[in-house]
Amino acid sequence: MKYKFIIFDWDGTLMDSAAKIVNCMQLAAKQCGVAVPSAEEVGGIIGISLRPAIQKLFNTADEVLTDQLFEAYKNTFIEQDRTPSPMFDGADALLSALKADNRTLAVATGKARRGLDRCWNNTGTGVYFSYSRTADDAESKPSPDMILQLLAEAGVAPEEAVMIGDTTFDMQMARDAGVDRIGVSFGVHAQVHLENYAPQTIVHSLGE
């Protein structure tokens with residue numbers, strides 16, 4: 001393996017959280033009295049930071065409505081919804097093996113910092129990662145900002161890094177940062193769409 005710096009997306013790549021995100025977004029829409037999006041529509045914005053995701057999903061530039069949906073989603077996600085979000089099979093084994101092989105691991109996620117920290121605490125996986133960027137730290141995907149910041153902080157050249165993710169946003173972000181990319185087919189975006197961004201490969205499990 002030529003990569004010494006491995007950047008993971010979180011939702012849909014390491015954590016099986018799509019069902020929870022869909023449910024919470026649909027509940028937020030009901031609470032705010034707007035048309036409830038389909039699961040497929042919500043899946044299309046998973047990976048983007050929450051505010052731009054809401055504006056894209058509900059096709060609105062109304063800041064008041066965006067704020068209402070933002071708060072409703074957060075409250076539902078934390079306080080109300082109990083949909084499980086387990087790590088995908090093989091996640092711990094993969095992260096442990098990479099760490100043991102002296103690879104430096106990072107996360108680039110559309111989650112807020114508090115959300116990522118909560119996931120790390122709940123799963124015990126924070127120990128594997130040396131660097132991270134969230135929606136609070138950088139421009140939303142598909143901007144390359146998250147990866148460029150990570151490379152600069154770690155002192156790593158683009159050719160020494162690889163991005164692993166399940167969405168076209170991950171693939172475009174990596175491509176525009178000059179970083180190789182690996183798609184996973186078990187997340188929210190179909191393999192055929194990931195292939196448009198010339199990934200090095202697409203895998204069908206974390207074990208693979």
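Residues numbered from 1 in each chain as written. Predicted model: local features only at pLDDT ≥ 70, side-chain atom pairs only at ≥ 80, totals over all residues. Heavy atoms only, no water.

A. Highlighting the nonpolar core. Grouped together as the largest cluster of nonpolar side chains are 24 residues, with contacts concentrated most on Ile6, Phe8, Trp10, Leu14, Leu95, Leu105 and Phe129. Elements with a minimum of two residues in this core: strand S1 (5–8), helix H5 (91–100), strand S2 (104–108), helix H6 (113–123), strand S4 (161–165) and strand S5 (180–184). With sequence-adjacent residues up to four places away left out, Phe8 is seen in contact with Thr13, Leu14, Leu94, Leu95, Leu98, Leu105, Ala106, Val107, Ala108, Phe129, Met163 and Ile164. Core analysis: the next-biggest nonpolar cluster, separate from the first, contains 22 residues, Ile21, Cys24, Ile46 and Ala72 among them. (Core = buried A, V, L, I, M, F, W, Y, C linked by side-chain atoms within 4.5 Å. Buried < 20%, exposed > 50% of the residue type's maximum accessible area, 1.4 Å probe, protein only. Helix = DSSP H or I, 4+ residues; strand = E, 2+ residues; numbered from the N terminus. Contact = heavy atoms within 4.5 Å.)

B. Main features of the pairing of S2. Taken across its five residues, S2 has four buried, putting it largely inside the fold. Relative to S2, S1 is paired through four bridges, and the arrangement is parallel. Within S2, the position partnered with Phe8 by the bridge is Val107. Alignment of S2 against strand S3 (residues 131–133), held across three bridges, turns out to be parallel. Looking at S3, one finds that Ala108 is bridged to Arg133. Once the chain exits S2 it traverses H6 before rejoining the sheet at S3, and the crossover so formed is right-handed. (Pairing = 2+ DSSP bridges. Right-handed = clockwise from strand over helix to strand, strands pointing away.)

C. Local environment of the packing of helix H3 (residues 50–57) against helix H4 (residues 63–80). One way to put it is that H3 packs onto H4 with a least axis distance of 10 Å and a crossing angle of 115°. Note on packing geometry: the crossing formed by H3 with H4 is right-handed. Of H4, the residues touching H3 (which contributes Leu50, Arg51, Ile54 and Gln55) are Glu63, Thr66, Asp67, Leu69, Phe70, Tyr73 and Lys74. A breakdown of the residues in the contact of H3 with H4 according to their chemical character gives five nonpolar, two polar and four charged. (Axes fitted to C-alpha atoms, helices over the stretch in contact; angles between N-to-C directions. Left-handed = near helix turned anticlockwise from the far one by under 90°. Nonpolar A, V, L, I, M, F, W, Y, C, P; charged D, E, K, R; others polar.)

D. Seen up close, the environment of Arg181. Along the chain, Arg181 turns up in strand S5. Distance in space between the C-alpha atoms of Arg181 and Ala108 is 13 Å, their sequence separation being 73 residues. Residue contacts for Arg181: discarding those within four places in its chain leaves Val162, Met163, Met171, Ala174, Arg175, Tyr197, Ala198, Pro199, Gln200 and Thr201. A polar side-chain atom of Arg181 sits 2.8 Å from the main-chain carbonyl oxygen of Val179. (Polar contact = N/O pair within 3.5 Å; in protein donor to acceptor, adjacent residues only side chain to side chain.)

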